[in-house]
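What follows is each chain in one-letter form.
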Amino acid sequence: MIQSLQNGFTLDNHYLRDLKGPVPVPTQYAPSLGVHRGSCPVEPHKDQEIQRHRSAQAAPLLGSCCVQTPAPMDVQMCQSIQPCHADHQGDLSAGQLLKWMDTIACLAAERHAGMACVTLSMDDIQFEETGRVGQVITIKSKVNRAFTTSMEVGIRVSVQDVREHVERLVCVAYSTFVGKPAGPQKVLLRPVEDLCSAEEQLQHSLASERRRLRLYNEQTFNSLLPSKSFQRVGVCSRRDPLSAVSTEFTRVESIELVLPPHANHHGNTFGGQIMAWMENAATVAASRLCGCFPSLRSVDMFRFRGPSSVGDRLVFKAVVNNTFNNSIEVGVRVEAYNCEEWTANKPRHINSAFLIYQLANTPGDVPAFPQVTYTTQDGERRYLSAIVRKRIRMARKHILSCKEEAPLSVPWDKSNQVYLGYNNVAALTVLAGKQDWEASSISDRVAVYVHEEVELLCVQVQMEVMSSALHAFTLLADLTLRPLWDKHYLSCEEVERADEEETVYHIKCPPINGGKSRDFVFLLSKRQPCKDGDPYVVALRSVTVTTVPPVEGFLRSEAKCAGFLIHSLGLNSCKVRQTHQHTDCLRHSLGPPCSLALYDFVLAFSFA
């Protein structure tokens, strides 16, 4: 499939499916690579001579494919926030920040490629906070990794008050660029070399994971959206359909005429300017729903599908797709017209994005968006698609997080079992009692809910069982019986029984999608109801026991909080709530080769 790109050329879309990584430069072309990066800077006139020498030698060898000269990787921009850069509240406008980010990312890509580059997408944009008038914004970008024909540029934005010496993180993002070819052949990019610091090596590795997940997202999205069990969520997750607002009420359409100041140095519409216009339209759509101006917190993806140029009319169409407990998703579509297309009403779809907003937190106020509903077939598609994208974003966030965590296991000491058992039961009870669980999938007998915090992902599965609560409690509280009915348990051995309520088990689990087998050492604490209406409790958490060292061939894994709450519904029926708290250590437990296995694991819970 041939796809038209931003700067007016075409490129085979199948490059996205190439997962073989960077292409090594043939040894016979080594003399044409010029100087290598060193500790001393190259004088400007020497650099020009090297560039001319490289171009003269590389062109006969590779045709339109270009071999580039190594150059310093970092590009930095500092901007003082002026009133013209701020919104009505004095905060730095998100649209203005997106302009600067696109500029700095493009310059970093062109420094690496040694030629003009084209933006394909900017995604994983996360806004931590914002800057204000009088502060200084610092934007740094570098190429994290170059693949065969595309490269990922990492962007980091920080803010500093002129009276302070501490920088605060504002935003991180990742852009994908390709070189602009002079002919029909695609530009081959040299790999990123000389990764000196641990952070550079980490980002180089994560760039490949982010790319794989982007490709996997498309498959996951297409497979999840048509599922019948998932489509029930669109109806069952609405708390009060009668008071819900139609998404059609939030539709916004705006038009802009591309003028010479809006063009970049390649003669096409500046990508950052388009993103700023898109952010403006999305903000208006979100404000129509909530009656105020919410804060932009993240962008799912700015995708550049085609070019536009000076004189084009750009039509921006924005609408609220769905609302969640504390966020709202707005979809934006950009269509371009030249003079002839404008008269014939034949638009070109050139850009699209999904922007996530949140209400500003105020003391004593719980932010909440009005519930929405759909009244058209297109509205239903957007409503359901937003739920899929939210689950995918949540899975990506916890997979790609690289925060170092302390061990979750606590040392097991029989003399301290009362304290450990109390904490075990209390942690599960508090977690299950949280109020802001979001319905992810609901059927006649099984319901799946998800709770997400900054560095925490919790999943709860509820099921009605035709059995007495005491019988269900007896079965679930004896883990040695689990291998008989749970395929995720290879074996379970009792390590130590402190008393009738606290027992330590060693559990072995099979590999997931080709990963390593895993094992756990759990403390199980069980409690019967103290009074009518209280549930039976089976709580689990990881502990360390000196008599159970790591087993060869198994990866020792951990869980901070998990278990079951069993509520009696009658003599022969009960409701079982299974709750799991997952943190970033689960990704490390599965190991790097199993990132997609964890992706399936999280999505399986979300769409059970």
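Predicted, not measured: the structure shown is a model, and the values here were computed from it.

Visitor: Teacher, can you tell me more about the side chain of Glu341 here?
Guide: Locating Glu341 in the fold gives a position in helix 7 (residues 339–344). Residue class for Glu341 comes out buried when judged on its relative accessible area of 17%. Filtering out sequence-adjacent residues up to four positions away, Glu341 remains in contact with Ala336, Lys346 and Arg348.

Visitor: Before we go on, may I ask you to explain the environment of Lys508 in this structure?
Guide: Along the chain, Lys508 turns up in strand 20 (residues 502–509). Between the alpha carbons of Lys508 and Asp519 there is a distance of 4.3 Å; along the sequence they are 11 residues apart.

Visitor: Is there a simple way to think about the sheet that holds strand 7 (residues 168–179) in this case?
Guide: What links the strands of a sheet is backbone hydrogen bonding, and the strands pair in either a parallel or an antiparallel sense. With respect to topology, 10 strands assemble into an open sheet ordered 3-5-6-7-4-10-13-12-11-9, the strand pairing being antiparallel. Each edge of the open sheet is held by one strand with a lone partner, namely strand 3 (75–80) and strand 9 (252–257). Taking the axes of each pair of neighbouring strands and ignoring which way they run, one obtains an average angle of 20° across the sheet. In this sheet, strand 7 lies alongside strand 6 (residues 150–160) in antiparallel orientation, the contact comprising 10 bridges. Across the sheet, Ile155 pairs through a bridge with Ala173, a residue of strand 7. Relative to the sheet, helix 2 (residues 94–113) contacts strand 3, strand 4 (117–127), strand 5 (136–146), strand 6, strand 7 and strand 10 (295–304), its axis offset from that of strand 5 by approximately 40°.

Visitor: Would you explain the packing of aromatic side chains in this entry?
Guide: Scanning all chains against the criterion turns up five aromatic pairs. Their ring planes at 85° and their centres at 5.0 Å tell us that Tyr337 and Trp342 sit as a pair that is edge-to-face. In this structure Tyr337 comes out as buried when scored by relative accessible area, which is 6%. The interplanar angle of 35° and the centroid separation of 5.0 Å between the aromatic rings of Phe473 and Tyr536 together place this pair among those described as tilted. With Phe473 in helix 10 (residues 469–476) and Tyr536 in strand 22 (residues 536–544), the pair connects residues that are 63 residues apart, well separated along the chain. Exposure class is identical for Phe473 and Tyr536. Each is buried. Seen from the ring of Phe147, Arg211 lies directly overhead, with NZ or CZ sitting 4.2 Å from the centre. A cation sits over an aromatic face here: Lys390 above Phe324, 5.0 Å from the ring centre.

Cut-offs applied
Residues numbered from 1 in each chain as written. Predicted model: local features only at pLDDT ≥ 70, side-chain atom pairs only at ≥ 80, totals over all residues. Heavy atoms only, no water. Helix = DSSP H or I, 4+ residues; strand = E, 2+ residues; numbered from the N terminus. Buried < 20%, exposed > 50% of the residue type's maximum accessible area, 1.4 Å probe, protein only. Contact = heavy atoms within 4.5 Å. Pairing = 2+ DSSP bridges. Axes fitted to C-alpha atoms, helices over the stretch in contact; angles between N-to-C directions. Phe/Tyr/Trp six-rings, centres within 6.5 Å; stacked < 30°, edge-to-face > 60°. Lys NZ or Arg CZ within 6 Å of the ring centre and 35° of its normal.

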